[in-house]
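Single-letter residue listing:
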Amino acid sequence: MTSRKAIGFLLTGLNTLACSCFGNYVFFLLQQEHGFGNRENLLTCALHGLLYVPAAWIGGRFAERHGQTTSLKVGFAAMAVAMVAGGLLNSFAGVMLTLVCWTIGMCFTWPALEAFATHGESGAGTKRMVGIYNVVWSGCAGLMYFAGGMIFERLGARSLFWIPAGLFAVQYALTVWLERQSHAPALPAVAEPHQPEDAAFHQPVPPQTFLKMAWLANPFAYIAIHSFLAVMPGRAAELGLSVSQSGWFWSVWFLARVGCFVLLWQWGGWHYRFRWMLAAFVALIAAYAVLLLGKSFAVLLTAQVVFGLATGLLYYSSLF
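A. Main features of the overall build of the protein. Counting its secondary structure elements, the protein contains 12 helices and zero strands. Scanning the protein from its N terminus toward the C terminus, one meets helices and strands in the order α-α-α-α-α-α-α-α-α-α-α-α. Each of the 320 residues in the protein was classed as buried or not, and the buried ones make up 50%. Across the protein, contacts joining residues at least 24 apart in sequence account for 85% of those joining residues at least 6 apart. Accessible surface, the protein: about 14200 Å² in total, of which carbon and sulfur atoms supply 70%.

Here is the structure:
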């Protein structure tokens, strides 16, 4: 792995920590400081999703036209400014303004970071880099959710703005340094063409259909994940969990997803298996229902493991 790739993965990890700190725990802030319940948090989540879809398309196009490092600098700068504004305003309007600007700015970073990981790689190299990329971001997401509750309680709700602001500033500085160290022009975010494996042509559905189905399944997984994050404060209250305890308990599914990514990276027997993807989709729906309605901690832990494995397989299928 080149030093340039290593810096790219470092940026991926830092970006995940920063985005997860604000994006996952802003719902606890809205609950505690502004009286939000599940309905209001879900509406906030819907606003994020409505902004994310067009912003991700725009961010991807921007990275293609202007290069990865330029897109990263725009995204990191926008998110840092948004967090500082939210921290200073200290109001409901400040939270919502931060959410909107952060969502848009974030969409200029992830397409570029994904392309950064795989640019210039062979087929085998691309699989390896995708595996590392998935483990890095999912591991950092799990770490931040586990620790985020303690940070929230010990440093206060304002830490949800100032910690990400600092991390985004560091990422901006790293990107500028990386750009100056490289004598090559900014790399365009263009992926190498991917050829299906021979096993793909011996499945119930052709590889093109499988990929389209994976692309459709992944948004459903995204909706399930983020809508569940929105109701976690309400679920924590129902179960008598503090914010710290909620972070520890609900981080199980994040860790299960990391384990799934490691397994799928190292073992290729799952490739293009339609029945596996269908089973993951059904399991996702069942686990989601249990997570929303379950009362037993043992049942909820089991549902979290299933939820993490299902979301991991569906996400990886959409990339593969």
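From this point, the discussion proceeds with the structure in view.
B. Molecular detail of the environment of S227. Secondary-structure assignment places S227 in helix α8 (residues 207–239). Put simply, S227 and T44 are 183 residues apart on the chain and 9.6 Å apart in space, counted from C-alpha to C-alpha. Discounting residues that sit within four places of it in the chain, S227 has contacts with L42, C45 and Y288. Polar side-chain contacts of S227 include one of 2.7 Å to the backbone oxygen of I223.

C. View of the packing of aromatic side chains. All chains considered together, the criterion is met by 19 aromatic pairs. Considering the side-chain rings of F249 and W250, the 4.8 Å spacing of their centres and the 75 degrees angle between planes classify their relative orientation as edge-to-face. Given the relative accessible area of 12%, F249 is considered buried.

D. Structural context of the packing of helix α6 (residues 123–155) against helix α9 (residues 243–250). At their nearest, the axes of α6 and α9 sit 7 Å apart, and the two run at 175 degrees to each other. Here α6 lies roughly antiparallel to α9, going by the angle between them. Contacts between α6 and α9 involve Y145, F146, G149, M150, F152 and E153 from the first element and V243, S244, S246, G247, W248 and W250 from the second. In the contact of α6 with α9, the residues fall into seven nonpolar, four polar and one charged.

E. Just a nonpolar patch on the surface, in detail. A cluster of nonpolar side chains, namely V84, L88 and W162, defines an oily patch on the protein surface of about 290 Å² accessible area. In this structure, W162 sits in helix α7 (residues 159–181). When its relative accessible area of 39% is taken as the criterion, W162 is described as partly exposed.

F. Structural context of helix α4 (residues 92–106). Helix length check: α4, at 15 residues, gives a terminal C-alpha distance of 21 Å against a target of 21 Å (1.5 Å per residue), a fit within 8%. Along α4, the residues classified as buried are G94, V95, M96, T98, L99, W102, T103, G105 and M106. Where α4 is buried, its residues touch α1 (3–34), α2 (38–66), α3 (68–89), α5 (110–118) and α7.

G. Structural detail: the environment of S20. Tracing the backbone through its elements, the reader meets S20 in helix α1. As for S20 and G142, which are separated by 122 residues in sequence, their C-alpha atoms are 8.9 Å apart. Leaving out residues up to four positions away in the same chain, S20 has contacts with Y25, A141 and M144.

H. Highlighting unusual backbone geometry. Residues other than glycine seldom take positive phi values, yet N90 does so here, at roughly 50 degrees. Following the sequence through the fold, N90 ends up in the loop between α3 and α4.

I. Spatial organisation of the nonpolar core. Counting 85 residues, the largest nonpolar core has W102, Y133, Y145, F168, W250 and F307 as its most contacted members. Other than its neighbours up to four places away in sequence, F168 contacts N15, A18, C19, F76, M79, A80, M83 and W102.

J. Representation of the side chain of T118 in the model. With respect to the helices, strands and loops of the structure, T118 is situated in helix α5. Discounting residues that sit within four places of it in the chain, T118 has contacts with K5, T126, M129 and V130.

K. Representation of the side chain of S138 in the model. Note on placement: S138 falls in helix α6. Side-chain polar atoms of S138 contact the backbone oxygen of V135, separated by 3.4 Å. Ignoring sequence-local partners within four residues, the contact set of S138 consists of R257, V258 and F261.

L. Quick peek at the environment of G67. Within the secondary structure layout, G67 lies in the loop between α2 and α3. Linking G67 and A112, residues 45 residues apart in sequence, is a C-alpha distance of 8.0 Å.

M. Geometry of the packing of α2 against α3. At a minimum axis distance of 7 Å, the contact between α2 and α3 shows a crossing angle of 135 degrees. Considering the angle they form, α2 stands oblique to α3. Residues G59, F62, A63 and H66 of α2 form the contact with α3, whose own contacting residues are Q68, T70, S71 and V74. Of the residues in the contact of α2 with α3, the class split is three nonpolar, five polar and no charged.

Definitions and limits used
Residues numbered from 1 in each chain as written. Predicted model: local features only at pLDDT ≥ 70, side-chain atom pairs only at ≥ 80, totals over all residues. Heavy atoms only, no water. Helix = DSSP H or I, 4+ residues; strand = E, 2+ residues; numbered from the N terminus. Buried < 20%, exposed > 50% of the residue type's maximum accessible area, 1.4 Å probe, protein only. Contact = heavy atoms within 4.5 Å. Areas by Shrake-Rupley, 256 points an atom, 1.4 Å probe, with all protein chains shown as cover. Polar contact = N/O pair within 3.5 Å; in protein donor to acceptor, adjacent residues only side chain to side chain. Phe/Tyr/Trp six-rings, centres within 6.5 Å; stacked < 30°, edge-to-face > 60°. Axes fitted to C-alpha atoms, helices over the stretch in contact; angles between N-to-C directions. Parallel < 35°, antiparallel > 145°, perpendicular 65-115°, else oblique. Nonpolar A, V, L, I, M, F, W, Y, C, P; charged D, E, K, R; others polar. Patch = residues over 30% accessible without salt bridge, like charges linked within 9 Å, V, L, I, M, F, W, Y side chains within 5 Å. Salt bridge = Lys/Arg side-chain N within 4 Å of Asp/Glu carboxyl O. Expected span 1.5 Å × (residues − 1). Core = buried A, V, L, I, M, F, W, Y, C linked by side-chain atoms within 4.5 Å.

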